[in-house]
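Understanding the architecture of this molecule
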Protein chains: 2
Amino acid sequence: MIGTAQKIAIEKTKTSKITSVDFDNLPFGSVFSDHMLVCDYRNGAWEAPKIMPYQPISLDPSAKIFHYGQSVFEGMKAYRDKDHNIWLFRPEDNYKRLNVSSKRMAMPELPKEYFMEGLKTLLQLDRDWIPQSEGSSLYVRPFIFASGRGFHASPADEYKFIIATAPSGAYFSSGKVKVLIEETYSRAANGGVGFAKAGGNYAGQFYPTQLAVEKGYQQVIWTDDNAHEYIEEAGAMNIFVRIKDTLVTGPVSDRILDGITRKSILEIAREEGIPAEVRKLKVNEVVEAAKNGTLKEMFGAGTAAVVSPIAAFGYRGSDYDLPQLEKSYASRFKKRITDIQYNRSEDSFGWRFKV
Amino acid sequence: MIGTAQKIAIEKTKTSKITSVDFDNLPFGSVFSDHMLVCDYRNGAWEAPKIMPYQPISLDPSAKIFHYGQSVFEGMKAYRDKDHNIWLFRPEDNYKRLNVSSKRMAMPELPKEYFMEGLKTLLQLDRDWIPQSEGSSLYVRPFIFASGRGFHASPADEYKFIIATAPSGAYFSSGKVKVLIEETYSRAANGGVGFAKAGGNYAGQFYPTQLAVEKGYQQVIWTDDNAHEYIEEAGAMNIFVRIKDTLVTGPVSDRILDGITRKSILEIAREEGIPAEVRKLKVNEVVEAAKNGTLKEMFGAGTAAVVSPIAAFGYRGSDYDLPQLEKSYASRFKKRITDIQYNRSEDSFGWRFKV
Ligand SMILES: Cc1ncc(COP(=O)(O)O)c(C=O)c1O
Ligand SMILES: Cc1ncc(COP(=O)(O)O)c(C=O)c1O
């Protein structure tokens, strides 16, 4: 058990890379900060976390991560306000979800202090890496993977928990996204691991997404694997539609990630009196609404892309354009959320977390 | 392109570990031979493979294998006969399947020579590591994973192909296996990645398997994720049942791995005149057959466990024992296959491959 940040041993870098970074032109997730947190699980227990210079990890070729995809991760963002305070958004929910994911992947749960104190200590140390410009933030990636050895297909006996961070710009380089409603491939099985942020869920989406990209779309909207009848979610976003003035999103399930942005939007909608329904959403209903003009908006919601308006969707060979609204729900939710995240507004929900 | 084995650079170990290994008491897949083959994919091409001492791999913490489970593997065995010839079993089928898996995981396909010449050169070099005792062999693990960097959920731009080997004893420590027919969790989705030997498919099975182990079973038999109505496969084995004298196994699909042992058994059955049916197999049919005494055998088939007789299966809270047969199909297939593998018999199929 670590009780306070002081107990985390810190080895500082001798040569900061920060002056080599162009903070005005940040890519997403490919420039890395000076430090990382590393914590090993061995002999049935998590050892003390250490902060060290961001550096390569050395692993045995039989480490189970290479063979059996035993890994989970989280995606968060750290924000800096004009007074140089550092903020996170609902980090305890990321902590809880990490453990939900770990359990499903037969991985050891992480004690809360390791996550929260680890985050705080690392972000304090690399605070200068947190961008301040609009739309930029420090992307924070906590992850756990199987470092234990062996070619037997069974859970590893050793794991590594790492937090690495990357100052990042927008997730989608172009503003509006064109999506394809998928009917051939699927993301998740009933009784599978779709609700977990497990590594393998993501690699499985790459090929179908490539096929969609070749057809001119940026993202796939997944549907149920049984009959491809219901809208599920996108690669790293939950999906909302607005039919007339009602917001609709599918329920979370064992196939769908319980997104923090999604639930925040639902809470904002409730507070602002926007009619919202959480119910199974048929592809047909969305197509019909697009045809008869009642489909006003469609957007993705996730930490990386925040609220990402969808410009058009493809389905069975036809493309359906969404109207361009002056006052969209998407922009309203995005403003409300980012104002809280960057400490530009009151936070009546208590979501902002001071580091 | 490499044309011949000579072109693979070899760095030999200075200190062989072989004298420290107890070849009479080999575990499965946790003792590793002296050398490994490593080949990097960079700038859109596979570089020349190298053989080097088995050693840790160094990777950036943002390598996509850690985050998105982008990896595929194969499992093979090398055998040594009494004249010290080295044999593989249908290795070109493993090569082909590796590429099938890679394609689904949006990973670059590997040229055939890299795989075949790499295998041959490595096995020649580590030939003394191939056990000769009955039931033991050198387990061969070719695998490819995403080494390219970045937190963007998209395919990596760099990969590593590695072949590592482990002298191994039996996969299941106890001879006969008790399995649970699973009705809550699932292994694969329609349109998913179940047919690929992709890392994430395996980690997803660990937790449900742990729950089964707690109830006294060794393995889970997966069923379809839709209604759990049909028998699919086990964790690392395809499943056969014998009802009266007919052998039945389910068809392969996009959810089920096209096992090399499975198809070899079907070919042997054809040659030996054993009636065999490849058709969807209802759980109910198996339960009924167990109840009315027509279910004679049930066994798993896979490289690691070869042919693995099932002693009993659990379903909806009841256990069903399989009879103990004097002359089982399982032992007949196992003998036929291992005799070919260890070069103890003619190989009318042309499956044995001399290294
Ligand atoms: C599959 C998937 N769905 C939805 C989301 C959105 O979740 P959150 O809003 O918590 O970032 C993510 C991830 O970030 C995801 O990976
Ligand atoms: C899921 C799965 N099914 C079946 C098999 C059996 O395939 P093979 O006989 O080619 O080893 C394996 C692996 O080895 C497997 O991983």
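The name recorded for chain A in an unreviewed UniProt entry is Branched-chain-amino-acid aminotransferase, from Ulvibacterium marinum. Taken directly from UniProt, the Function (unreviewed entry) text for chain A runs: "Acts on leucine, isoleucine and valine."

As a further point, take helix α5 (residues 260–272) of chain B. Helical geometry: 3.6 residues make up each α-helical turn, so side chains three or four residues apart lie on a common side. Residue and element names in this part refer to chain B. Along its 13 residues, α5 runs 18 Å from first to last C-alpha, staying within 8% of the 18 Å computed at 1.5 Å per residue. Inspection of α5 places Ile-260, Thr-261, Arg-262, Ser-264, Ile-265, Leu-266, Ile-268 and Ala-269 among the buried residues, and these make up the whole buried set. Immediately downstream of α5, the backbone of Gly-273 shows phi near 75°, a positive value.

What follows deals with the nonpolar core. What tends to happen in soluble globular proteins is that the nonpolar side chains get buried as a cluster. Ranked by internal contacts, the top residues of the largest apolar core, which has 187 residues, are A:Phe66, A:Phe161, A:Phe313, B:Phe66, B:Phe161 and B:Phe313. If sequence neighbours within four positions are ignored, A:Phe161 has contacts with A:Leu37, A:Val38, A:Cys39, A:Trp46, A:Leu98, A:Leu110, A:Tyr114, A:Phe115, A:Pro142, A:Phe143 and A:Ile144.

Residue and element names in this part refer to chain B. The full count for this structure, using the stated rule, is 56 salt bridges over all chains. In this structure, the salt-bridge partner of Asp-40 is Arg-42, at a minimum N-O distance of 3.8 Å. On the accessibility criterion, Asp-40 (9% relative accessible area) is buried. The partner of Lys-335 in a salt bridge is Asp-339, and the shortest N-O contact between them spans 2.5 Å. Of this pair, Lys-335 and Asp-339 both sit in helix α7 (residues 329–341), separated by four residues, roughly a single helical turn. Note on Lys-335: relative accessible area 51%, which makes it exposed. Taking relative accessible area as the criterion, Asp-339 reaches 11% and is therefore assigned buried.

Before going further, it helps to examine the UniProt feature "modified residue: N6-(pyridoxal phosphate)lysine" (unreviewed entry) in chain A. Residues and elements named next belong to chain A. Look at the UniProt record and you will see "modified residue: N6-(pyridoxal phosphate)lysine" (unreviewed entry) annotated at Lys-197. Here Lys-197 shows up in the loop between β11 (177–181) and α4 (199–214). Its relative accessible area of 11% is what places Lys-197 among the buried residues. Excluding its chain neighbours within four sequence positions, the residues that come into contact with Lys-197 are Ser-71, Val-72, Phe-73, Glu-74, Gly-75, Arg-97, Ser-101, Tyr-202 and Leu-257.

Here we come to the packing of helix α2 (residues 91–104) of chain B against helix α3 (residues 112–125) of chain B. All names here are of chain B. Orientation of α2 relative to α3, taken along the N-to-C sense of each, is 140°, at an axis distance of 10 Å. In terms of axis orientation, α2 runs oblique to α3. The way α2 lies across α3 gives a crossing that is right-handed. Counted together, Pro-91, Glu-92, Asn-94, Tyr-95 and Leu-98 of α2 and Lys-112, Phe-115, Met-116 and Leu-119 of α3 form the full contact between these two elements. When the residues that make up the contact of α2 with α3 are grouped by side-chain class, the tally is six nonpolar, one polar and two charged.

Cut-off values and rules
- Residues numbered from 1 in each chain as written.
- Chains lettered and ligands numbered in written order.
- Predicted model: local features only at pLDDT ≥ 70, side-chain atom pairs only at ≥ 80, totals over all residues.
- Heavy atoms only, no water.
- UniProt positions renumbered as here; feature names shortened; annotations may be inferred.
- Helix = DSSP H or I, 4+ residues; strand = E, 2+ residues; numbered from the N terminus.
- Expected span 1.5 Å × (residues − 1).
- Buried < 20%, exposed > 50% of the residue type's maximum accessible area, 1.4 Å probe, protein only.
- Core = buried A, V, L, I, M, F, W, Y, C linked by side-chain atoms within 4.5 Å.
- Contact = heavy atoms within 4.5 Å.
- Salt bridge = Lys/Arg side-chain N within 4 Å of Asp/Glu carboxyl O.
- Axes fitted to C-alpha atoms, helices over the stretch in contact; angles between N-to-C directions.
- Parallel < 35°, antiparallel > 145°, perpendicular 65-115°, else oblique.
- Left-handed = near helix turned anticlockwise from the far one by under 90°.
- Nonpolar A, V, L, I, M, F, W, Y, C, P; charged D, E, K, R; others polar.

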